There are 2 protein chains.
Amino acid sequence: MSRDSDCVFCKIVAGEIPAQVIYKNEFILAFLDTGPLADGHLLVIPREHFALMTDLSSDQVGRLTGILPKLGRALLNVAGAEGFNVLLNQGPSAGQVVPHLHFHLIPRRSEDGLGYRWKAGTYAKGRAGVIAAAYQQALSKPSS
Amino acid sequence: MSRDSDCVFCKIVAGEIPAQVIYKNEFILAFLDTGPLADGHLLVIPREHFALMTDLSSDQVGRLTGILPKLGRALLNVAGAEGFNVLLNQGPSAGQVVPHLHFHLIPRRSEDGLGYRWKAGTYAKGRAGVIAAAYQQALSKPSS
């Protein structure tokens, strides 16, 4: 199993840095974020070091996310939340700080001031079709 | 396969409402969000109607997310993005508007003004351990 000797999450997996681990299995670890956006804010990581979500195979991402329904139910119960966000940030421009991929589970309540900055636009006529065609072409390549 | 006759995403699955579909398989559909936060903003949904992510089994969430690495790579290419967010909102208080669970893939660039409102706190001494113990207890129940 690959690890990065400088990675803080790899050190948590190895038990070299303490963390409030709430669940683990062969593939993943779930623990409390030490800088929580709300009480009970969780992180879910693969035990093996992968910097980016796009580095995973389909099977690997499935093993990582398979725990999300169970963790989500526990979060609603434990954090007394009305809902939650599941958030993954890929790349520094998207907010990824630790370069070991991780899903956030963020407990939510009405009027808690959290959430995504939502600035929805619209596509000019014809533009959505052009973008969709580009996606279809990219996804049709065997290597994609 | 269950559907909800009032659900806009079920109508897209059935072809009753048009959408720019960029990928589909037996279980899922991926298409352009018509109110994009950035060009190339994608939605990924299960073809079957489930209101909430916590309604899925581990296998079902794995089938839904297995496409995320491939879609993420296509997005970086097609949208010319530096990174992206994967976001799921569960419940109205978390920002869920359409009650058919969906993952957003949101293309990101530096200084684009998007992202999660990040107001990290800290746990008072002992508090994280109490919350972690509550999670461990919740997760140890067979029904959880």
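Before any of the text, the structure's been laid out above.
The structure displayed is predicted, hence computed values, not measured ones.

Trainee: Just to check I follow, could you spell out the layout of surface pockets for this structure?
Mentor: It is a probe the size of a water molecule, rolled over the atoms, that shows where empty space is left. Looking at the largest pocket, its volume works out to about 420 Å³. Considering the residues around the largest pocket, the lining is formed by 28 residues, among which W118 of chain A together with D33, V97, H102 and H104 of chain B are closest to the centre. If one sorts the elements of the lining of the largest pocket by residue count, helix α1 (residues 8–13) of chain B sits on top with 3 residues. Classifying every residue of the lining of the largest pocket gives 16 nonpolar, 9 polar and 3 charged.

Trainee: What am I meant to see in the interface of chain A and chain B here?
Mentor: Accessible area lost when the parts come together is the quantity often used to give the size of an interface. Each partner contributes to the interface: chain A provides 75 residues, whereas chain B provides 75 residues. Here chain A and chain B share an interface that buries about 6,600 Å² over both sides, 60% of which is from carbon and sulfur atoms. It is Y116, R117 and Y135 of chain A that lose the most area in chain A upon contact with chain B, and together they represent 13% of the buried surface on that side. The interface formed by chain A and chain B contains 35 residue pairs in polar contact (both at pLDDT 80 or more). Of all elements in the fold, only β1 (21–24), α2 (58–65), α3 (68–78), β4 (83–90), β5 (103–108) and α4 (127–140) of chain A reach the threshold of two or more residues within the side of chain A that touches chain B. Residue contributions to the side of chain A that touches chain B peak at 11 residues, all from α3 of chain A. Each residue belonging to the side of chain A that touches chain B can be placed in one class, and the counts come to 37 nonpolar, 27 polar and 11 charged. Bridge analysis of β4 of chain A against strand β4 (residues 83–90) of chain B gives 7 bridges, and the strand direction is antiparallel. Residue pairing across strands places N85 of chain A opposite N89 of chain B, the latter belonging to β4 of chain B.

Trainee: Could you clarify how one ought to interpret the nonpolar core in this entry?
Mentor: One recurring pattern in soluble globular proteins is that nonpolar side chains are buried together. If you look at the biggest cluster of nonpolar residues, it comprises 62 residues, and the most contacted ones within it are V44 of chain A together with V44 of chain B. Setting aside residues up to four positions removed in sequence, V44 of chain A forms contacts with I28, L29, A30, L64, I67, L68, L71, L101, H102, F103 and L105 of chain A. Counting 12 residues, the second largest nonpolar core, distinct from the first, contains L87 of chain A together with L37, I106 and L114 of chain B.

Trainee: Explain the pairing of β4 of chain B here, please?
Mentor: Looking down a regular strand, the side chains alternate between one sheet face and the other. Residues and elements named next belong to chain B. A large share of β4 lies buried, amounting to 8 of its 8 residues. Burial along β4 is two-sided: the residues G83, N85, L87 and N89 and F84, V86, L88 and Q90 are all buried. In the sheet, β4 pairs with strand β5 (residues 103–108) via 6 bridges, with the strands oriented antiparallel. Residue pairing for β5: L87 is matched across the bridge by H104.

Trainee: Hey, could you run me through the sheet that holds strand β2 (residues 28–32) of chain B in this one?
Mentor: In any sheet, the strands associate via hydrogen bonds between backbone groups, in a parallel or an antiparallel arrangement. Across the sheet, 10 strands lie side by side as β1(A)-β2(A)-β3(A)-β5(A)-β4(A)-β4(B)-β5(B)-β3(B)-β2(B)-β1(B); this open sheet has antiparallel pairing. Across the chains shown, the open sheet's two edge strands, defined by having one partner strand only, are β1 of chain A together with β1 (21–24) of chain B. Adjacent strand axes in the sheet meet at a mean angle of 20 degrees when their direction is disregarded. On the sheet, helix α4 (residues 127–140) of chain B packs against β1, β2 (28–32) and β3 (42–46) of chain A and is oriented at approximately 30 degrees with respect to β1 of chain A.

Trainee: What exactly am I supposed to notice about the pattern of salt bridges here?
Mentor: Any two side chains of opposite charge can pair, given that their charged atoms come close. Taken as a whole and judged by the stated rule, the model has 6 salt bridges over all chains. With a shortest N-O distance of 2.8 Å, R127 of chain A and D39 of chain B are connected by a salt bridge. Of the two residues, R127 of chain A sits in helix α4 while D39 of chain B sits in the loop between β2 and β3 (42–46), which places them in two different chains. With relative accessibility at 34%, the residue D39 of chain B sits in the partly exposed group. For R108 of chain B, the salt bridge is made with D112 of chain B, and the minimal N-O distance between the two is 2.9 Å. Given the relative accessible area of 26%, D112 of chain B is considered partly exposed.

Trainee: Just checking my understanding: could you explain the packing of α2 of chain A against helix α2 (residues 58–65) of chain B for this structure?
Mentor: Helix-helix packing is described using two parameters, namely the angle between the two axes and the distance between the axes. Closest axis-to-axis distance for the α2 of chain A/α2 of chain B pair is 8 Å, and the angle between their directions is 135 degrees. In terms of axis orientation, α2 of chain A runs oblique to α2 of chain B. Taken as a pair, α2 of chain A and α2 of chain B cross one another with a handedness that is right-handed. Judged by residue contacts, V61, G62 and T65 of chain A of α2 of chain A engage V61, G62 and T65 of chain B from α2 of chain B. Residues of the contact of α2 of chain A with α2 of chain B, tallied by class, amount to 2 nonpolar, 4 polar and no charged.

Trainee: Could you clarify how one ought to interpret the side chain of H104 of chain A in this entry?
Mentor: Position of H104 of chain A among the secondary structure elements: in strand β5. What makes H104 of chain A buried here is its relative accessible area of 4%. Here the side chain of H104 of chain A touches H41 of chain A through a polar contact of 2.9 Å, side chain to side chain. In this structure H104 of chain A touches D33, H41, L42, L43, N85, V86, L87 and N89 of chain A together with W118 of chain B, once residues within four positions along its chain are discounted.

Each value, and the rule that gives it
Residues numbered from 1 in each chain as written. Chains lettered and ligands numbered in written order. Predicted model: local features only at pLDDT ≥ 70, side-chain atom pairs only at ≥ 80, totals over all residues. Heavy atoms only, no water. 1 Å grid on protein atoms, 1.4 Å probe; cavity = no way out; pocket = protein on both sides within 12 Å on 5 of 7 lines; lining within 4 Å. Points joined across faces, edges and corners; volume = space filled by probe spheres on them. Helix = DSSP H or I, 4+ residues; strand = E, 2+ residues; numbered from the N terminus. Nonpolar A, V, L, I, M, F, W, Y, C, P; charged D, E, K, R; others polar. Contact = heavy atoms within 4.5 Å. Buried area = accessible area lost by both parts, 1.4 Å probe. Polar contact = N/O pair within 3.5 Å; in protein donor to acceptor, adjacent residues only side chain to side chain. Pairing = 2+ DSSP bridges. Core = buried A, V, L, I, M, F, W, Y, C linked by side-chain atoms within 4.5 Å. Buried < 20%, exposed > 50% of the residue type's maximum accessible area, 1.4 Å probe, protein only. Axes fitted to C-alpha atoms, helices over the stretch in contact; angles between N-to-C directions. Salt bridge = Lys/Arg side-chain N within 4 Å of Asp/Glu carboxyl O. Parallel < 35°, antiparallel > 145°, perpendicular 65-115°, else oblique. Left-handed = near helix turned anticlockwise from the far one by under 90°.

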